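# Observations on the three-dimensional arrangement
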Amino acid sequence: MGRSDETILLIAHRNSPKYVIRFPLDLAPSHVRPYLELIRLEKPTGTVLMFWPFAWGLTMAAFATGLPLQLYGSHLIECFISAFLLRSSACTVNDIFDREIDAGVERTRGRPLASGRISVFAATVYLFVQYIIGISFFYVTVNDQALWVGLFQLLPLFAIYPLLKRFTHWPQAWLGFAMNFGFVTAWVSLTGRLDVKLISIAMTGCWFWTMLYDTIYACQDIQDDIKMGVRSTAILFGSWIRPLLVLCGVGFVTMLGLAGYINGQGPYYFVLSVGGTTAHLVWQFKLVDLDVPASCWQNFKNNGHLGWIVWCGLMVDYLSSIGFFQYVRS
């Protein structure tokens, strides 16, 4: 680390804001809290956004295979644990690489590594412990192709992302691939096959979705990012940002519809998932103010809520396909 980087970190240490200790961090001993902050335990939206592609892929596969309902719940729990482990290690490796950058950004200078509350060595050991747990979990819960798909998402995908913002304005494009790979893992683990056509279309839709919400998320830090030499689509798009975000939204909804058509989804999916997502995105575009960081953060959380809409249509379709509603009525 050079002298300029040391200066940035020292300034960040002296000026680190006093944050309110939020639940569940307030339940943990003070020496444990920085490690829980490092995995963003108090900010679950990232885990939720990581979880939804898993849940969508699982439910599409359950619909396609006629999975018995009594098996669905355990698979869904495994998906959530996978998303939590992936997001935790992704946040840790991101903060290790970005500690000097974070120290120069108002929103992030209080993070454990940027503020000096955790050493790089301790964070690296912590990261490898998370990798060991993640590898073990995938080894126990999935096999064959799905195992390699899950490990691919866990290890290289998120380790590459923080490096890209130093060289290209398109780190969000890579994140769109990394965040949504759970769709592939869930689909392959249940069906045992790699349906290239369906997966490609579904992943393209999810890619558009991540480009949408993470570009808006990056709008929070535009001025600090320019100062620190960080690149993003929020900076690249400039005055074209709103029409390009609308294009991402259109791409997301279109790919949702195509994926449902290829998978043979029923009317519940197209009305609730596709129609509901369209309405939610229109509401988002009317609500968000890209010049106000708090509005951008709220939009990020709103996209976590949007996942419920897509999953709801998929779930109703799945339940209908296995005769659940007829069974309830009889």
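Computed from a prediction, not measured in an experiment: that's the story for all the values here. (Residues numbered from 1 in each chain as written. Predicted model: local features only at pLDDT ≥ 70, side-chain atom pairs only at ≥ 80, totals over all residues. Heavy atoms only, no water.)

For the rest of this paragraph, the subject is the state of the cysteines. What makes a disulfide is a covalent bond joining the sulfur atoms belonging to two cysteines. This model, assessed by the stated rule, comprises zero disulfides. For the unlinked cysteine C79, the closest cysteine sulfur is that of C206, found at 13 Å. For the unlinked cysteine C248, the closest cysteine sulfur is that of C219, found at 12 Å. (Disulfide = S-S within 2.5 Å.)

Now for the side chain of N303. Structurally, N303 can be placed in helix α15 (residues 293-321). Of the polar contacts made by the side chain of N303, one reaches the side chain of Q284; its length is 3.0 Å. (Helix = DSSP H or I, 4+ residues; strand = E, 2+ residues; numbered from the N terminus. Polar contact = N/O pair within 3.5 Å; in protein donor to acceptor, adjacent residues only side chain to side chain.)

We now examine helix α6 (residues 120-141). Helix length check: α6, at 22 residues, gives a terminal C-alpha distance of 31 Å against a target of 32 Å (1.5 Å per residue), a fit within 8%. Considered for burial, the residues of α6 that qualify are A122, A123, Y126, L127, Q130, Y131, G134, F137 and F138. The secondary structure elements touched by the buried residues of α6 are α2 (33-38), α4 (69-97), α7 (144-164) and α9 (182-191). (Expected span 1.5 Å × (residues − 1). Buried < 20%, exposed > 50% of the residue type's maximum accessible area, 1.4 Å probe, protein only. Contact = heavy atoms within 4.5 Å.)

Enumeration over the complete set of coordinates arrives at 10 salt bridges. A salt bridge links E37 to R117, with the shortest nitrogen-to-oxygen separation between them at 2.8 Å. Within this pair, whereas E37 is found in helix α2, its partner R117 is found in the loop between α5 (99-103) and α6, the two being separated by 80 residues in sequence. Assessed through its relative accessible area of 39%, R117 is described here as partly exposed. Its salt-bridge partner being E106, residue R109 comes within 3.1 Å of it at the nearest N-O pair. In this structure R109 comes out as buried when scored by relative accessible area, which is 14%. By sharing partners, the salt bridges in this structure join R40, D95, D102 and R111 into a single network. (Salt bridge = Lys/Arg side-chain N within 4 Å of Asp/Glu carboxyl O.)

Turning our eyes to something else, we now look at the packing of helix α3 (residues 45-65) against α4. The interhelical angle for the contact between α3 and α4, taken along N-to-C directions, is 150°, at an axis separation of 8 Å. The handedness of the crossing between α3 and α4 is right-handed. Between α3 and α4, the contacting residues are G46, T47, M50, F51, F54, A55, L58, T59 and A62 on the first element and Y72, H75, L76, C79, F80, S82, A83, F84, L86 and R87 on the second. Here the contact of α3 with α4 is composed, by residue class, of 13 nonpolar, five polar and one charged. (Axes fitted to C-alpha atoms, helices over the stretch in contact; angles between N-to-C directions. Left-handed = near helix turned anticlockwise from the far one by under 90°. Nonpolar A, V, L, I, M, F, W, Y, C, P; charged D, E, K, R; others polar.)

Looking now at the packing of helix α10 (residues 196-218) against α15. Interaxial distance between α10 and α15 falls to 8 Å at its minimum, and their mutual angle equals 155°. It follows that α10 is roughly antiparallel to α15 by the angle criterion. Together, W209, L212, Y213, I216 and Y217 of α10 and C296, W297, N299, F300, N303 and L306 of α15 make up the contact between the two elements. Partitioned by chemical class, the residues of the contact of α10 with α15 number nine nonpolar, two polar and no charged. (Parallel < 35°, antiparallel > 145°, perpendicular 65-115°, else oblique.)

It is worth spelling out the packing of aromatic side chains at this point. Scanning the entire structure with this criterion turns up 23 aromatic pairs. Seen from their ring centres, F51 and W52 are 5.2 Å apart, and the 50° between their planes marks the pair as tilted. With a relative accessible area of 2%, W52 lands in the buried category. Centre to centre, the rings of W56 and W209 are 5.1 Å apart; their planes meet at 40°, and the pair counts as tilted. Of this pair, W56 sits in helix α3 while W209 sits in helix α10; the two residues are 153 residues apart in sequence, bridging distant segments of the chain. A single burial state applies to W56 and to W209, both of which are buried. Taken together, the aromatic side chains of W56, W209, Y213, Y217, F252, W297 and F300 make up a single cluster linked through ring pairs. (Phe/Tyr/Trp six-rings, centres within 6.5 Å; stacked < 30°, edge-to-face > 60°.)

With that settled, the discussion passes to the confidence of the model for the protein. Considering every residue of the protein, the mean pLDDT works out to 92; 94% of them sit at 70 or more. For the protein, helix α1 (residues 3-15) is the element with the lowest average pLDDT, namely 46, and helix α13 (residues 241-262) is the one with the highest, namely 98. (pLDDT = per-residue confidence, 0-100.)

With that settled, consider unusual backbone geometry. If you check the backbone angles, R40 has positive phi at about 55° while not being a glycine. You can see R40 is positioned in the loop between α2 and α3. Judged by its relative accessible area of 9%, R40 falls in the buried class.

Attention now goes to the nonpolar core. Within the largest apolar cluster, 91 residues are counted, with the highest numbers of intra-cluster contacts made by W56, Y72, W209, F252, W311 and Y318. Here this core gets 14 residues from one element, more than from any other, and that element is α10. In contact with W209, not counting residues within four places along its chain, are L49, W52, W56, N180, F252, N303 and L306. (Core = buried A, V, L, I, M, F, W, Y, C linked by side-chain atoms within 4.5 Å.)

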